[in-house]
Amino acid sequence: MPDEQGHEPAARTESAPRRRRPRGRLMTLLVTAAALTGLTTSFTGVADAADNPYERGPAPTNSSIEAARGSYAVSQTTVARASVSGFGGGTVYYPTSTSDGTFGAVAVSPGFTASQSSVSWLGPRLASQGFVVITIDTLSTLDQPASRGDQLLAALDYLTQSSSVRTRIDSSRLGVMGHSMGGGGSLEATKDRPSLQASIPLTPWNTDKTWPEVRTPTLVVGADGDTVAPVSSHAEPFYTSLPSTLDRAYLELNGATHSAPTSSNTTVAKYSISWLKRFIDNDTRYEQFLCPLPAASSTIEEYRGNCPHTG
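Overview of the structure. Here the structure is a predicted model, which means the values were calculated and not measured.

What about the state of the cysteines?
Per the counting criterion, the structure on display carries 1 disulfide. What pairs with Cys 291 in a disulfide is Cys 307, and their sulfur atoms sit 2.0 Å apart. One quick way to see it: the torsion about the S-S bond of Cys 291 and Cys 307 is about -85°, and its sign makes the bridge left-handed. Of this pair, Cys 291 sits in the loop between α7 (266-280) and β9 (300-305) while Cys 307 sits in the segment after β9; the two residues are 16 residues apart in sequence, bridging distant segments of the chain. Here Cys 307 falls in the partly exposed class, since its relative accessible area comes to 35%.

Some points on the environment of Gly 255
Assignment of secondary structure puts Gly 255 in the loop between β8 (248-253) and α7. For the pair formed by Gly 255 and Ala 223, sequence separation is 32 residues and the distance between their alpha carbons is 7.4 Å.

Some words on the pattern of salt bridges
In total, this model carries 11 salt bridges according to the counting rule given. Of the charged contacts in the structure, one is a salt bridge between Asp 157 and Arg 193, with a shortest N-O distance of 3.0 Å. Taken together, the residues Asp 157 in helix α4 (residues 145-161) and Arg 193 in the loop between α5 (181-192) and β6 (198-202) connect sequence positions 36 residues apart. The partly exposed category is assigned to Asp 157, whose relative accessible area is 25%. Of the charged contacts, one joins Lys 191 and Glu 188 as a salt bridge, the two residues approaching to 3.4 Å between their closest N and O atoms. Highlighted residues: Lys 191 and Glu 188, both in helix α5, separated by 3 residues, approximately one helical turn. On the basis of relative accessible area, Lys 191 is assigned to the partly exposed category, the value being 27%. Counted as one network, the salt bridges with shared partners bring together Asp 170, Arg 173, Lys 277 and Asp 281.

Here's the deal with α5
Because each turn of an α-helix spans 3.6 residues, side chains separated by three or four positions end up pointing in the same direction. The end-to-end C-alpha distance of α5 is 16 Å, a good match for the 16 Å that 12 residues give at a rise of 1.5 Å each. The buried count for α5 comes to 10 of 12 residues, which makes it a mostly enclosed element. Of the surrounding secondary structure, the elements contacted by the buried residues of α5 are β3 (103-109), α4, β5 (169-179), β6, β7 (218-223) and α6 (235-241).

Considering the sheet that holds strand β4 (residues 131-136)
Spatially, β1-β2-β4-β3-β5-β6-β7-β8-β9 is the arrangement adopted by the 9 strands of the open sheet, whose pairing is mixed. Two strands in the sheet have a free side with no partner beyond their single neighbour: β1 (74-79) and β9. For this sheet, the mean inter-axis angle between neighbouring strands, taken without regard to orientation, is 15°. Pairing of β8 with β9 involves 5 bridges; the strand directions are antiparallel. By the bridge assignment for β9, Glu 252 is matched with Glu 302. In the packing of α5 onto the sheet, the strands contacted are β3, β5, β6 and β7, and the crossing angle to β5 comes to about 145°.

Conventions adopted
- Residues numbered from 1 in each chain as written.
- Predicted model: local features only at pLDDT ≥ 70, side-chain atom pairs only at ≥ 80, totals over all residues.
- Heavy atoms only, no water.
- Disulfide = S-S within 2.5 Å.
- Helix = DSSP H or I, 4+ residues; strand = E, 2+ residues; numbered from the N terminus.
- Buried < 20%, exposed > 50% of the residue type's maximum accessible area, 1.4 Å probe, protein only.
- Salt bridge = Lys/Arg side-chain N within 4 Å of Asp/Glu carboxyl O.
- Expected span 1.5 Å × (residues − 1).
- Contact = heavy atoms within 4.5 Å.
- Pairing = 2+ DSSP bridges.
- Axes fitted to C-alpha atoms, helices over the stretch in contact; angles between N-to-C directions.

Structure (structure tokens):
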């Protein structure tokens, strides 16, 4: 067997005398080797943690990211419309624990004519996985995507600068999500603020079909039965217009409609959590759920993207 330096031991012939090492010395060497192994393992663990200080929560499994709740207990607080500017108030969901340090944050916008209640299920679902999440009401339910993008950014600024949970948030690790016109708004937000770490437009709608300016890792979620924002004229061109060098993906839900992301949806949650963890937390433990590309299934019509991810 090779030694620690990879050198093969010298061959021993039949006639060569076999030297016996004193038992006490042998035991001393074994104990020393075990100690060194433990020390090496300890240093490796420290190095791994230092490689990514943003990992939050236990190692993920399919079960853990498909579950209705993650490992963190969650609290929530209401943000009154009158207490903020730039968006219409909302609800903040956040991990109750402070022992793991700060968390990344995500703002989520509803769609045309809808209120935050249409995306509220995402609040505790994402927060329990280790994020601070704000689901917002818009200034008007009729606001267009560009306005919703501005409001998502205003909500993130509120979270990081003046909210009661601002000390729990790492302001350098932020993302946006939105449904329908809110999904179009998430694209607008990433165009306006390239420093965002992740974006997830959910069955998005926007009159602007091309997004070559986007520099934020983006997961576009469409639905094969969407007649409000058909994938052929919204989600698909949004995805294909993103820079080919960008970490990007396109998930088309199977047997789903435009409203699929407005109620608890395991497929939407699973890949949203994985995307946010991978790019807001830089947690490569979640790469396994995104690469190799997920195969078509009873809930996935198709999945496209670039692998492996580089962000």
